[in-house]
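Residues per chain, in single letters:
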Amino acid sequence: MRLALVSIALLLTSACDGDGDPGPTDSGVPTDAPPGTDTGTGVVAGDVPCEVADILADRCNGCHADTPRYGAPMPLTSHAALHAATVSDLSTSVYEMMGRRIHDTSQPMPPTTSTPLSPDEVAALDAYVAAMGPARPAGDSCEAAPDAGVMPPPQVGPEHLPCTPTHTFLAHGPSTDAPFEVPATASNLYQCFTFRSPFAAGAQATAFAPVIDDERVVHHWILYRTETPQTDGAVGPCNMPNDAAFVMGWAPGGTNTVMPADVGLELGGPDDYYLLQIHYWNVAGLTDSTDASGVAICAADTPRENEAGVLWLGSPRIDIPARATDHVVENVCPPLLTNQLLGPLTVMSSFPHMHQLGTKFITEIHPSGDASRAETLVEIERWDFNNQTSYPHVGRTLNPGDAIATRCTYDNPSDTTVSFGERTEDEMCFNFLTVYPLSNFPSAERRACLIF
Ligand code: HEC
């Protein structure tokens, strides 16, 4: 019985080698980009009715600024900008497209990494769209609007870390000291940068900071670690090896991550490789974009008392019938397995992962295996493939004997069954939990609870 957790993990690993499943490895940490992160700047849009200007300033202009950021194709900062033709559909004006996208359930605006609009905010924007985008009435001044103040910028970036970064993984060109030249055609480009691990065996990370260089085109990034040999310095399309595991990620609104004083995140050894996957969204077709975005890391000289790493949850048993709606794939990690833990685990974050057919995601803990007392760990009601992020947890514990249920919901509009696989058109259902201490696992083998 003691070996069950490990042997199931190994079984899964070998079962998955054939079909390209990312098998479990052992690293990971939170990005602090929770839903609820506001990306507004507080810049009031000129000539726009005050109520609408306030909403745009708080909820949209962080990306849709005068110089748009993070892949947003156009500004939403003035009456003229709202009445311009939309980049994706020149016959539709921006304000009309706004009226559609705030109701779009698969690709909502603001994106799923931001707090959804409140019903009042939706109603105000709907009224503005229905009135065909009126200008601000003459004489109205928005100065007194309560939310019109400029918000302090978040303290993000290496200069705001409490430590001096020891390592960076940054986008680069064919030579590692030149930035990556972002193609004008990179309207939806996942680009991967490969690095041989610079870390000594047993090294731990104590803090991470995003480095965002050309913020006009960087949509989000994810850092993975793999034991599969790669070419150091390679730049190209992302062919994720089957054991690539999430380490860190950033999406707009994301902040620095500083580990608790007694916790370090395992970084693997010198034989590992790191893959920095950057999603570029250059819809505007900019021809002058070069980018050296990525991540700065503080690695500890001496290991900290508690080592953190990743526990894989989910299921590779995925077959979504043609034309299915609300198809659910469920995996329950049972008390039989969690009972092998030598003590409780602190859960620092979740990183849910599905592909494009995913619509909803949930992981819940059943204390002592009691499903009637289910506690939601993370729930995503509107999954958006292009807006994946990490969800930090505070004060969440996994005890020996608990069950952990993960459910992925899919719609398959196509005429063929869609199954598990690593290609974007295949599907996945994983949650990478960053947990500590790793010493409470019964063995040093890969940590996974993926049963089928
Ligand atoms: C976190 C950054 C971010 C925030 C915040 C954001 N957007 Fe966007 N927006 C984008 C990106 C990236 C795109 C391009 C990708 C896409 O269409 O999904 C986009 C596209 C759009 C489009 C479609 C443009 C086209 O050419 O079709 C509209 C309309 C839009 N956003 C409106 C809004 C509104 C309204 C808000 C606020 C309520 C908002 N957005 C908040 C990033 C953001």
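As shown above, the structure is provided for reference.
The shown structure was predicted, so the numbers you read here are calculated from the model rather than taken from an experiment.

Draft legend 1. Local environment of the side chain of Asp 291. Relative to the elements of secondary structure, Asp 291 occurs in strand E13 (residues 290-291). Although buried, Asp 291 forms no salt bridge, and the nearest oppositely charged side chain, Arg 216, lies 8.8 Å from it. A polar contact of 2.6 Å, which involves the side chain of Asp 291, links it to the side chain of Tyr 280. Polar contacts involving the side chain of Asp 291 include one to the side chain of Ser 293, which spans 2.7 Å. Among all residues touching Asp 291, those that are not within four sequence positions of it are Ala 171, Pro 179, Phe 180, Val 182, Asp 213, Asp 214, Val 218, Ile 278 and Tyr 280.

Draft legend 2. Looking closely at the coordination of the iron atom of the ligand. At this site the iron atom of the ligand is bound by His 64 (NE2) and Met 109 (SD), with donor distances of 2.0 to 2.3 Å. For the iron atom of the ligand, the 6 donor atoms in the first shell make angles of 88 to 179° at the metal, so the coordination geometry reads as octahedral. Taken together, the residues His 64 in the loop between helix H2 (50-59) and helix H3 (79-83) and Met 109 in the loop between helix H4 (94-101) and helix H5 (119-130) connect sequence positions 45 residues apart. Judged by relative accessible area, Met 109 falls into the partly exposed class, the value being 28%.

Draft legend 3. Region of the structure containing the nonpolar core. Counting residues in hydrophobic clusters, the biggest one holds 35 residues, and the most contacted among them are Leu 223 and Tyr 280. Elements with a contribution of two residues or more to this core: strand E5 (189-196), strand E6 (204-211), strand E7 (218-226), strand E9 (245-250), strand E11 (263-266), strand E12 (273-280) and strand E14 (294-299). If one sorts the elements of this core by residue count, E12 sits on top with 4 residues. Membership of the second largest hydrophobic core comes to 32 residues, among which are Trp 312, Leu 357, Tyr 391 and Cys 429.

Draft legend 4. Molecular detail of the packing of aromatic side chains. Considering all chains together, one arrives at 16 aromatic pairs under this definition. For the ring pair Phe 351 and Phe 432, a centre distance of 6.0 Å and an interplane angle of 55° mean the geometry is tilted. Here Phe 432 lies in strand E24 (residues 430-436) and Phe 351 lies in strand E18 (residues 345-353), a separation of 81 residues in the sequence. Assessed through its relative accessible area of 2%, Phe 351 is described here as buried. These aromatic residues form a ring-pair network of at least three members: Phe 246, Trp 312, Phe 351, Phe 420, Phe 430 and Phe 432.

Draft legend 5. Layout of the sheet that holds strand E19 (residues 358-366). The strand order across the open sheet formed by 4 strands is E17-E22-E19-E20, and the pairing between neighbours is antiparallel. Single-partner strands in this sheet number two, and they are strand E17 (327-333) and strand E20 (375-380). Looking at each pair of strands side by side, their axes are set apart by 10° on average, direction ignored.

Draft legend 6. Just the sheet that holds strand E8 (residues 235-237), in detail. Taken in spatial order, the 5 strands make up an open sheet running E8-E5-E12-E7-E9, and their pairing is antiparallel. The open sheet has two free edges, formed respectively by E8 and E9, since each of these has just one partner strand. Put simply, the sheet's adjacent strands are angled 25° from each other on average, direction ignored. For E5 and E12, the ladder comprises 8 bridges, and the chain directions are antiparallel. Bridge pairing in E12 links Leu 189 to Tyr 280.

Draft legend 7. Layout of the environment of Leu 125. Within the secondary structure, Leu 125 sits in helix H5. Remark: the alpha-carbon pair of Leu 125 and Tyr 95, spanning 30 residues in sequence, is separated by 9.1 Å. Once residues lying within four places of it in the same chain are set aside, the contact partners of Leu 125 are Val 52, Ile 55, Met 98, Ile 102 and Leu 117.

Draft legend 8. How the structure looks around the site of the ligand. For the ligand, the set of nearby residues contains 24 residues, the closest of which are Cys 60, Cys 63, His 64, Ser 88 and Met 109. Between Ser 88 and the ligand, the recorded distance is 2.5 Å, taken from a side-chain N or O atom to an oxygen atom. A distance of 2.6 Å separates an oxygen atom of the ligand from a polar atom in the side chain of Arg 101. Put simply, the ligand lies in the largest pocket. With 3 residues, H4 is the largest single contributor of residues to the shell around the ligand. Residues of the shell around the ligand, tallied by class, amount to 16 nonpolar, 6 polar and 2 charged.

Draft legend 9. Structural detail: unusual backbone geometry. Cis rather than trans, the peptide bond between Met 109 and Pro 110 has omega equal to -5°. Here Pro 110 is to be found in the loop between H4 and H5. Residue Pro 437 is reached from Tyr 436 by a cis peptide bond, and omega for that bond is -5°. The backbone of Met 132 sits at a positive phi, close to 60°, despite the residue not being glycine. As for its placement among the helices and strands, Met 132 is situated in the loop between H5 and strand E3 (167-170).

Reading the values: the criteria
- Residues numbered from 1 in each chain as written.
- Predicted model: local features only at pLDDT ≥ 70, side-chain atom pairs only at ≥ 80, totals over all residues.
- Heavy atoms only, no water.
- Helix = DSSP H or I, 4+ residues; strand = E, 2+ residues; numbered from the N terminus.
- Buried < 20%, exposed > 50% of the residue type's maximum accessible area, 1.4 Å probe, protein only.
- Lys, Arg positive; Asp, Glu negative; His and termini not counted.
- Salt bridge = Lys/Arg side-chain N within 4 Å of Asp/Glu carboxyl O.
- Polar contact = N/O pair within 3.5 Å; in protein donor to acceptor, adjacent residues only side chain to side chain.
- Contact = heavy atoms within 4.5 Å.
- Donors = N, O, S within 2.8 Å, 3.2 Å for Na, K, Ca; no water.
- Tetrahedral: all angles 85-135°; square planar, octahedral: opposite > 155°, others 65-115°.
- Core = buried A, V, L, I, M, F, W, Y, C linked by side-chain atoms within 4.5 Å.
- Phe/Tyr/Trp six-rings, centres within 6.5 Å; stacked < 30°, edge-to-face > 60°.
- Pairing = 2+ DSSP bridges.
- Axes fitted to C-alpha atoms, helices over the stretch in contact; angles between N-to-C directions.
- Near = heavy atom within 4 Å.
- 1 Å grid on protein atoms, 1.4 Å probe; cavity = no way out; pocket = protein on both sides within 12 Å on 5 of 7 lines; lining within 4 Å.
- Sits in = over half its atoms within 2 Å of the grid points.
- Nonpolar A, V, L, I, M, F, W, Y, C, P; charged D, E, K, R; others polar.

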